[in-house]
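For reference, the chains in residue letters:
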Amino acid sequence: MDRRRFLIASSTAAVLGTGTARWSDATTAQTTGTPLSTRPEPTPQQLRWQREELAMFVHFTVNTFTGREWGDGTESPAIFNPRHLDARQWARTARETGFRSMILTTKHHDGFCLWPTATTRHSVASSPWKNGKGDVVREFVDACHAEGLGVGFYLSPWDRNAKSYGSGKAYNDFYVAQLTELLTHYGPVVEVWFDGANGEGPSGPHQAYDWPRIHATVRRLQPNAVIFSDAGPDVRWIGNEKGAAGLTCWSTVDPARVPYAGFDRPWVGDLLGHGDPYGSAWRPGEADVSIRPGWFWHADENDKVRSPDNLIELYMQSVGRNSKLLLSVPPDRDGLFYPTDVAALHGFAAQRRTMFAHDLLHGARVIASSSATGHRAANVLDDNPDSYWTPRQNERAATLDIELPAEITFDTLDLREAIAHGQTIANYRVDRWHHGTWKPMAWGTTIGHRKLERFDPVRTRKLRIALEYGFGAPKLAKVAAYLGPKHTYGPGHA
Ligand code: FUL
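The structure presented is a predicted model; accordingly, all values stated were derived computationally and were not measured. Starting from 1, residues in each chain are numbered consecutively following that chain's sequence as written. In view of the model being predicted, local features appear only for residues whose pLDDT reaches at least 70, and side-chain atom pairs are presented and counted only at 80 or more, with totals across whole chains, interfaces and linings using the full set of residues. Excluded from the side-chain calculations are hydrogens and water; all other atoms, namely the structure's heavy atoms, are used.

### Considerations on the packing of helix α7 (residues 169-185) against helix α8 (residues 211-221)
Where we set the bar: Angles run from 0 to 180 degrees between N-to-C directions of axes, and those axes are lines fitted to C-alpha atoms, restricted for helices to the stretch in contact. Runs of H or I in DSSP of at least four residues are treated as helices and runs of E of at least two as strands, each being numbered from the N terminus. The cut-offs work like this: below 35 degrees is roughly parallel, past 145 is roughly antiparallel, 65 to 115 is roughly perpendicular, and the gaps in between are oblique. Note on convention: near helix rotated counterclockwise from far helix by under a right angle means a left-handed crossing. Clockwise means right-handed. In this analysis, two residues are considered to be in contact whenever any of their non-hydrogen atoms come within 4.5 Å of each other. All residues other than Ala, Val, Leu, Ile, Met, Phe, Trp, Tyr, Cys, Pro, Asp, Glu, Lys and Arg, Gly among them, are scored as polar; the first ten of these are nonpolar and the last four charged.
Interaxial distance between α7 and α8 falls to 10 Å at its minimum, and their mutual angle equals 20°. Comparing the axis directions of α7 and α8 gives the class roughly parallel. Crossing hand, α7 versus α8: right-handed. Between α7 and α8, the residues in contact are N172, D173, Y175, V176, L179, T180, L183 and T184 and R213, I214, T217, V218 and L221, respectively. Of the residues in the contact of α7 with α8, the class split is seven nonpolar, four polar and two charged.

### Brief notes about the site of the ligand
Heads up, the condition is: By convention in this text, a residue qualifies as near a molecule or strand provided that one of its non-hydrogen atoms is within 4 Å of it. Counting of polar contacts relies on pairs of N or O atoms within 3.5 Å, with two restrictions inside protein: one atom must be capable of donating a hydrogen and the other of accepting it, and residues adjacent in sequence are counted only when both atoms are side-chain atoms. Note on areas: Shrake-Rupley with a 1.4 Å probe; residue coverage comes only from the protein chains shown.
Near the ligand lie 14 residues; those nearest to it are H59, W70, H108, H109 and D195. In the model, an oxygen atom of the ligand is placed 2.7 Å from a nitrogen or oxygen of the H109 side chain. Its free accessible area being 290 Å², the ligand has 100% of it covered by the protein chains. Tallied by class, the residues present in the shell around the ligand amount to six nonpolar, three polar and five charged.

### Side note on the pairing of strand β16 (residues 476-482)
Counted only if it meets this: The buried label goes to any residue with under 20% of its type's maximum accessible area, the exposed label to any with over 50%, and the partly exposed label to all in between, with areas taken from a 1.4 Å probe on protein chains only. Here a strand pair is declared whenever DSSP counts at least two bridges between the two strands.
The buried fraction of β16 amounts to seven of the seven residues, a majority that puts the element mostly inside the structure. The sheet contact formed by strand β12 (residues 398-417) and β16 spans six bridges and is antiparallel. Bridging across to β16, L413 finds its partner in A481.

### Considering the nonpolar core
Going by this rule: In plain words, nonpolar cores are sets of buried Ala, Val, Leu, Ile, Met, Phe, Trp, Tyr and Cys residues tied together by side-chain atoms within 4.5 Å. Where each domain starts and ends follows an automatic or database-derived domain assignment.
Within the largest apolar cluster, 76 residues are counted, with the highest numbers of intra-cluster contacts made by W90, M102, V136, F140, F153 and L327. It is α7 that contributes the most residues to this core, seven residues altogether. Two domains each put at least three residues into this core: domain 1 (45-355) and domain 2 (358-482). Not counting the four nearest positions on each side in its chain, F140 is found in contact with V58, A87, W90, M102, I103, L104, V151, G152 and F153. The next biggest cluster of nonpolar side chains, apart from the first, holds 29 residues, and it includes V366, L404, V458 and V479.

### Focus on the packing of aromatic side chains
As a reminder of what qualifies: Any Phe, Tyr or Trp ring, taking Trp's six-membered ring, that has another such ring centre within 6.5 Å forms a pair; planes under 30 degrees apart are called stacked, those over 60 apart edge-to-face, and the others tilted. For a Lys NZ or an Arg CZ to count as sitting over a ring, it must be within 6 Å of the ring centre and within 35 degrees of the ring normal.
Evaluated as defined, the whole model comprises 31 aromatic pairs. Geometrically, the ring pair formed by Y315 and F348 is edge-to-face, given 6.0 Å between the ring centres and 75° between the ring planes. Of the two residues, Y315 sits in helix α10 (residues 308-317) while F348 sits in helix α11 (residues 339-355), which places them 33 residues apart along the sequence. Neither residue differs from the other here; Y315 and F348 are each classed as buried. Through pairs of rings, three or more aromatic residues link up here, namely F60, F65, F80, W90, F112, W129 and F337. One cation-aromatic arrangement involves R352 over Y315; the distance from NZ or CZ to the ring centre is 5.6 Å. If you follow K462 out to its NZ or CZ, it ends over the ring of W433, 4.1 Å from the centre.

### Overview of unusual backbone geometry
Excluding glycine, a negative phi dihedral is what most residues carry, and trans is how most peptide bonds are arranged. A cis geometry characterises the amide bond from G232 onward to P233, with omega recorded as 15°. In this structure, P233 sits in the loop between β5 (226-229) and β6 (235-237). Although it is not a glycine, K130 sits at a positive phi angle of roughly 50°. Relative to the helices and strands, K130 is located in the loop between β2 (101-107) and α6 (136-146). A residue is classified by how much of its surface remains accessible, and K130, at 45% relative accessible area, is partly exposed.

### Remarks on the environment of P405
Along the chain, P405 falls in strand β12. Its relative accessible area of 65% is what places P405 among the exposed residues. As for P405 and T38, which are separated by 367 residues in sequence, their C-alpha atoms are 42 Å apart. P405 has contacts with G363, A364 and R461, leaving out every residue within four places of it along the chain.

### Focus on the confidence of the model for the chain
To be explicit about the condition: Note: pLDDT gives the predictor's confidence per residue, expressed from 0 to 100.
Residues with a pLDDT of 70 or more make up 91% of the chain, whose mean pLDDT is 91. Helix α1 (residues 5-16) is the least confidently modelled element of the chain, averaging 28 in pLDDT, while α6 averages 99, the highest of any element. In the predicted structure, residues 1-32 sits below a pLDDT of 50 and forms 68 contacts with residues beyond four places in sequence or in another chain. This model gives residues 487-494 a pLDDT under 50, and the stretch forms 12 contacts once residues within four places in sequence are excluded.

### What about the state of the cysteines?
Short version of the rule: Disulfide assignment relies on a single distance test, namely cysteine sulfur atoms paired within 2.5 Å.
For the structure on display, the rule yields zero disulfides. In this structure C113 is a free cysteine whose sulfur lies 19 Å from that of C144, the closest cysteine sulfur available.

### What about the environment of G150?
Positionally, G150 belongs in strand β3 (residues 150-155). According to the relative accessible area criterion, G150 is buried, its value standing at 13%. Remark: the alpha-carbon pair of G150 and S101, spanning 49 residues in sequence, is separated by 4.1 Å. Ignoring sequence-local partners within four residues, the contact set of G150 consists of R100, S101, M102, C144 and V190.

In structure tokens, the structure reads:
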């Protein structure tokens, strides 16, 4: 059903494969690493986008009422009647559970518009909901503002209702007119989401989207919004719909390798999941996935909502691998988040709160192999993402020893690079001091905004972070260690 489904097989292999770095990553880098001066850095918008870590995806349209995942455009607007719609309930749930923005399907593939557009009658204006006087987009935007969340819009390019679909310029005019309405009437937008799905097949209409014009429209009307698609330009799809970034995940890509949204090739999933250390464009990955099997609400999936534990796993493999998690939580036919979904989200938030409540490295002493002036080793213990430690000029390999006043037991390590200055770390190792020697604990590749490592609980008084290779000087913003809620091991463990 979904053009992306077949990509999952190839990317899963990479995700579930070895948990360690491959030698080739480091050795190739040593011979061909891009010079530091030319490495890309994020724009302020991309940096803000990534630091949010969690965004919520709201899938809502006629599908909610038909039970389908992809409508065919023949649905009658008469079926759209979410009697108790309360966008404030969506936004409150999102804010209370740590999400920082929400993206609404203003139009999915069926072409039904959630706002009273002037471009077509196939919209809420023709529905019985509020006697055709309602505007879901307006209620969504007002709720986001009231709860302090960023506003994002998904506007499907594939439209199975529009008569002009497949005509070329006429459809592009229609699509740009819809985009213009959304980007002029509803205030500031933080993200515009373009998917590449198209199920028409070889005999269906073929519509060439005018991407340069579409992107220029967003830039002109909402210069602070990031643009998402398989091909960015600001934020890229992570290459699967499982919410999983590659274990190695660069925020840079070579733009020529995925030239447009919907560029459907077997290798694209892996490419997007891992990024490219030699890539010339800063284009971090967004991991989209649903809290349910489908993107839309279906009554028969009410008992298949992800558990808080499962959501934590998703968090680890997205946010914890230098990506952002975009989690779909679909409203039901009343226009409300379903109680099971709301409970799972609160459980997810509670687990994160417990897990990250106490940084066990608090009060440690940090000794670096060398430090550049003004970039003390102790900077890695504070919470300021802009203060970082970096070694003396031109040093790409370095070690940080972290000494604690007493033994700690921990099972989670949190590493962060100062990505405002780009991403350079290609290979790191973590050792712990055990019975008088250094014992290897973790060996990995990229860090980026955040790398979360989980393992069985270990005890130690000293940790060594060895940055073994970088594409430029490593800039480490944070090292933290936690003991997750599940582990209540007594003394003597490990
Ligand atoms: C895809 C669509 O085909 C799915 O229905 C869903 O909206 C997903 C997030 O994007 O391209």
